Amino acid sequence: MAKMSKGLEGKVALVTGAARGLGAEIVRRMVAVGAQVTAADKRVADGAAAAAGAAAQFIELDVTDADQWAAAVDFAAEAGGGRLDILVNNAAITRVAPILDCDPAEFRKVIETNLVGTFLGIRAAAPKMASGGGGAIVNLGSPSAFEGTVGMPAYSASKWGIRGLTRTAALELADSGIRVNSVVPGPLRTAMTRRPGWEDDDYARHYGATVPLRRMAELGEVADLVVWLASEQASYCTGGDYSADGGLGAGPPAPHPG
Ligand SMILES: NC(=O)c1ccc[n+]([C@@H]2O[C@H](COP(=O)([O-])OP(=O)(O)OC[C@H]3O[C@@H](n4cnc5c(N)ncnc54)[C@H](O)[C@@H]3O)[C@@H](O)[C@H]2O)c1
């Protein structure tokens, strides 16, 4: 019987924001399907622990720092015999404050982390990928990249920016064999959505009311889409937004029957 491919065998990957939440799950799932993964994060202790638990290696990386990006790409490629096949730009932050109360320094920090960080990652990784014949870049988007989001002006703007950057990178890098896509997750129960004082029921009630599938996403439901886009199975996909959003992008949920 022919050996079944596990999906990312022999592939070398670098995943940012991998100390916790979705990034850590992406690392676990990529390792499980055969990739050699470097987990990167500015949170060193949590990042190293998460990577060790996933049989990945860890490097400290602040995605706003171009020099650290160069070192992270070299580190990931060195462990992979000189090649880099996959980059996942997952690291992000948010700040909750309406525009009139939003400190400009905080606005800049969100744009710098989410949007400029993604740009720096593409810039650092693409030449290494191209020299190996190509690769796949997956950027983390958001439903906030398709509409305005009250109280999160910088986050929404950064994620809209990532959509433009994803398309532009897909066009510019196509001839180098590099595919670039974005994944649009629905709400995940992570540090990013944690609200002081909320219990399980509060999360279920809040997100049950806003998502057509009436629940938050499991980390694996989003991570698997990232893994698929990074794999050869998605070989004709580039420049697109791919949703695992519980139907959020389709519109508001139907009224409850009864
Ligand atoms: N949580 C959600 O509901 C949700 C919904 C849609 C999209 N997303 C997106 O999914 C991705 C993962 O989000 P999450 O919920 O796991 O968030 P999280 O806050 O749990 O994890 C984010 C990780 O990014 C890291 N990070 C932050 N700034 C960094 C920097 N400058 N350099 C390196 N690492 C940095 C953090 O240390 C953390 O480990 C993000 O891009 C987020 O915008 C999340």
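Residues numbered from 1 in each chain as written. Predicted model: local features only at pLDDT ≥ 70, side-chain atom pairs only at ≥ 80, totals over all residues. Heavy atoms only, no water.

(A) Up close: the overall build of the protein. Looking only at helices and strands, the protein has seven helices and seven strands in total. Secondary structure of the protein in N-to-C order comes out as β-α-β-α-β-α-β-α-β-α-β-α-α-β. For a compact globule of 258 residues, the expected C-alpha radius of gyration is about 18 Å, and the protein comes in at 18 Å, within 12% of that figure. Overall, the C-alpha framework of the protein stretches about 55 × 50 × 35 Å when taken along its three principal axes. Scored against the burial criterion, the 258 residues of the protein give a buried share of 48%. (Helix = DSSP H or I, 4+ residues; strand = E, 2+ residues; numbered from the N terminus. Rg over C-alpha atoms; globule rule 2.2 N^0.38 Å. Buried < 20%, exposed > 50% of the residue type's maximum accessible area, 1.4 Å probe, protein only.)

(B) How the structure looks around a positive patch on the surface. Together, R20, K42, R43, K109 and R194 make up a positively charged patch on the protein surface. Note that R194 resides in the loop between β6 (178–185) and α6 (200–210). (Patch = residues over 30% accessible without salt bridge, like charges linked within 9 Å, V, L, I, M, F, W, Y side chains within 5 Å. Areas by Shrake-Rupley, 256 points an atom, 1.4 Å probe, with all protein chains shown as cover. Salt bridge = Lys/Arg side-chain N within 4 Å of Asp/Glu carboxyl O. Lys, Arg positive; Asp, Glu negative; His and termini not counted. Charge placed at Lys NZ, Arg CZ, Asp CG, Glu CD.)

(C) Quick look at the site of the ligand. Taken together, 28 residues sit near the ligand, with D41, R43, N90, Y155 and T190 positioned nearest. In the model, an oxygen atom of the ligand is placed 2.8 Å from a nitrogen or oxygen of the L188 main chain. Contact distances for the ligand include 2.5 Å between an oxygen atom and a side-chain N or O atom of T190. For the ligand, whose accessible area on its own is 830 Å², the fraction buried by protein is 97%. Elements with a minimum of two residues in the shell around the ligand: α1 (21–32) and α5 (153–173). Residues that form the shell around the ligand fall into these classes: 14 nonpolar, eight polar and six charged. (Near = heavy atom within 4 Å. Polar contact = N/O pair within 3.5 Å; in protein donor to acceptor, adjacent residues only side chain to side chain. Nonpolar A, V, L, I, M, F, W, Y, C, P; charged D, E, K, R; others polar.)

(D) Quick peek at the pattern of salt bridges. This structure, assessed with the given rule, holds twelve salt bridges. The partner of D241 in a salt bridge is R163, with the nearest N and O atoms 3.2 Å apart. Here R163 lies in helix α5 and D241 lies in strand β7 (residues 241–244), a separation of 78 residues in the sequence. Of the residues examined, D241 reaches a relative accessible area of 22% and is grouped as partly exposed. Judged by its relative accessible area of 18%, R163 falls in the buried class. Three or more residues joined by partner-sharing salt bridges are found here, namely E25, R28, R29 and D224.

(E) How the structure looks around the sheet that holds strand β2 (residues 36–41). As summarised here, the arrangement of the seven strands in space is β3-β2-β1-β4-β5-β6-β7, forming an open sheet in which the pairing is parallel. Where the open sheet ends on each side, the last strands, each with one partner, are β3 (57–60) and β7. Ignoring strand direction, the axes of neighbouring strands in this sheet form an average angle of 20°. In this structure, strand β4 (residues 86–89) lies alongside strand β5 (residues 135–140), joined through four bridges in parallel fashion. Within β5, the residue paired with N89 across the bridge is N139. Set on the sheet, helix α3 (residues 66–79) makes contact with β1 (12–16), β2, β3 and β4; between it and β3 the angle comes to about 165°. Contacts from helix α4 (residues 104–131) reach β4, β5 and β6, with the element oriented near 180° to β4. (Pairing = 2+ DSSP bridges. Axes fitted to C-alpha atoms, helices over the stretch in contact; angles between N-to-C directions. Contact = heavy atoms within 4.5 Å.)

(F) Fine view of the pairing of β3. Bridge count between β2 and β3: four bridges; the pairing is parallel. In the strand pairing of β3, D41 is matched with E60. Taking the sense of rotation as the criterion, the β-α-β connection linking β2, helix α2 (residues 44–53) and β3 turns out right-handed. (Right-handed = clockwise from strand over helix to strand, strands pointing away.)

(G) Just the pairing of β6, in detail. Counting buried positions along β6 yields eight of eight residues, so the element is predominantly enclosed. Burial of β6 is two-sided: the residues I178, V180, S182 and V184 facing one way and the residues R179, N181, V183 and P185 facing the other way are all buried. Pairing of β5 with β6 involves six bridges; the strand directions are parallel. Looking at the pairing, L140 lines up with V183 of β6. Handedness of the crossover joining β5 and β6 through α5: right-handed. In the sheet, β6 pairs with β7 via four bridges, with the strands oriented parallel. By the bridge assignment, P185 is partnered in β7 with A244.

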